[in-house]
Amino acid sequence: MNNNEKSSESYRSLLILSEITGEEPLSQRELSRRLGVAVGLVNSYLKNLVAKGYVRVKNFPRNRYAYLLTPQGLAEKSRLAYQHLSYFTSLYTAARQDYLDLFRRLEAAGVREIAFCGVDEVAEVAYLSLQETGLKLVAVMDDTRAGDTFFGVPVVSLAGGAQRCRAPVIISSLKRKDELTRELSDLGVTAGMIFVAGTME
């Protein structure tokens, strides 16, 4: 298992532990609904958390079960929360600087307008860095968010954006950078017009 998989697995465990911290007894179905993941996945995480002694199962009449946090589970939740907070803080700091460096280099090369490709929490960090430059965001592309707006800019599909936009395209999602770069290339955007923060010479 690579670091990203480990990180997302421990993050899911943190979310589950956080949900069952409250006083109300929660079923697997309710946890699944709150977290937006399949019941089967919740079941497998809960089995693991029960086996480690972080969660205990309480039986109710009519074959119903509820999940409660143990003292060890409470300690584990605090540990995971701290671990993820420091991970996200360092990710934020690095991404903010990488995007700022990229934008300043593009500005120095005479670029005035840019487009973003990919809308997630990293895109928001990129947008914050953009505010420290004179560059203007003229287009935002993301097939999964087309029709939304991103800081007042309409989000369009990759195909729509690639067709109309002539500005350099900044990959603004770290999780999907390879996939988005490939899709833009397939749509005819030349490699010299696609930029990934942290990789520009």
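To start, this report covers the structure provided alongside it. (Residues numbered from 1 in each chain as written. Predicted model: local features only at pLDDT ≥ 70, side-chain atom pairs only at ≥ 80, totals over all residues. Heavy atoms only, no water.)

### Regarding the packing of aromatic side chains
Inference 1: Applying the stated rule across the entire model yields 6 aromatic pairs.
Inference 2: Ring geometry for Y99 versus F103: centroids 5.9 Å apart, planes at 35°, classification tilted. Remark: F103 and Y99 occur in helix α4 (residues 71–108); sequence separation between them is 4 residues, near one turn of the helix. Like F103, Y99 is buried. (Phe/Tyr/Trp six-rings, centres within 6.5 Å; stacked < 30°, edge-to-face > 60°. Helix = DSSP H or I, 4+ residues; strand = E, 2+ residues; numbered from the N terminus. Buried < 20%, exposed > 50% of the residue type's maximum accessible area, 1.4 Å probe, protein only.)

### Considering the nonpolar core
Inference 1: Within the largest apolar cluster, 24 residues are counted, with the highest numbers of intra-cluster contacts made by F103, I114, F116, L137, F150 and I170.
Inference 2: The set of elements that each furnish at least two residues to this core consists of α4, β3 (113–117), α5 (121–130), β4 (136–141) and β6 (153–156).
Inference 3: When near neighbours in sequence (up to four residues on either side) are disregarded, I114 contacts F103, L106, L130, L135, K136, L137, V138, A139, A167, P168 and I170.
Inference 4: Among the nonpolar cores identified, the runner-up in size contains 16 residues, and L26, V37, V42 and Y54 belong to it. (Core = buried A, V, L, I, M, F, W, Y, C linked by side-chain atoms within 4.5 Å. Contact = heavy atoms within 4.5 Å.)

### As for the packing of helix α2 (residues 28–35) against helix α3 (residues 39–51)
Inference 1: It is the contact of α2 with α3, at a shortest axis distance of 9 Å, that shows an interaxial angle of 110°. With respect to α3, the axis of α2 lies roughly perpendicular. Both α2 and α3 take part in a crossing whose hand is right-handed. Between α2 and α3, the residues in contact are Q28, R29, L31 and S32 and V39, V42, N43 and L46, respectively. (Axes fitted to C-alpha atoms, helices over the stretch in contact; angles between N-to-C directions. Parallel < 35°, antiparallel > 145°, perpendicular 65-115°, else oblique. Left-handed = near helix turned anticlockwise from the far one by under 90°.)

### Considering the side chain of S13
Inference 1: Mapped onto the secondary structure, S13 falls in helix α1 (residues 3–19).
Inference 2: Beyond its immediate sequence surroundings of up to four residues, S13 is in contact with Y45, L49 and L80.

### Focus on the environment of A108
Inference 1: Note that A108 resides in helix α4.
Inference 2: Looking at A108, the relative accessible area reads 71%, which means it is exposed.
Inference 3: With 58 residues separating them in the primary sequence, A108 and V50 have C-alpha atoms 56 Å apart.

### Some details on a nonpolar patch on the surface
Inference 1: A surface patch of nonpolar side chains, about 340 Å² in accessible area, is lined by Y11, L15, Y87 and F88.
Inference 2: Here F88 shows up in helix α4. (Patch = residues over 30% accessible without salt bridge, like charges linked within 9 Å, V, L, I, M, F, W, Y side chains within 5 Å. Areas by Shrake-Rupley, 256 points an atom, 1.4 Å probe, with all protein chains shown as cover. Salt bridge = Lys/Arg side-chain N within 4 Å of Asp/Glu carboxyl O.)

### Quick look at the pattern of salt bridges
Pairing between side chains becomes possible if they bear opposite charge and their charged atoms approach one another.
Inference 1: Tallied over the entire structure, the rule returns 6 salt bridges.
Inference 2: For the salt bridge of R33 with E30, the shortest nitrogen-to-oxygen distance reads 2.8 Å. In this pair, R33 and E30 both sit in helix α2, 3 residues apart, roughly one turn of the helix.
Inference 3: Assessed through its relative accessible area of 22%, E30 is described here as partly exposed.
Inference 4: If you follow the salt bridges from partner to partner, you end up with R96, R104 and E132 in one network.

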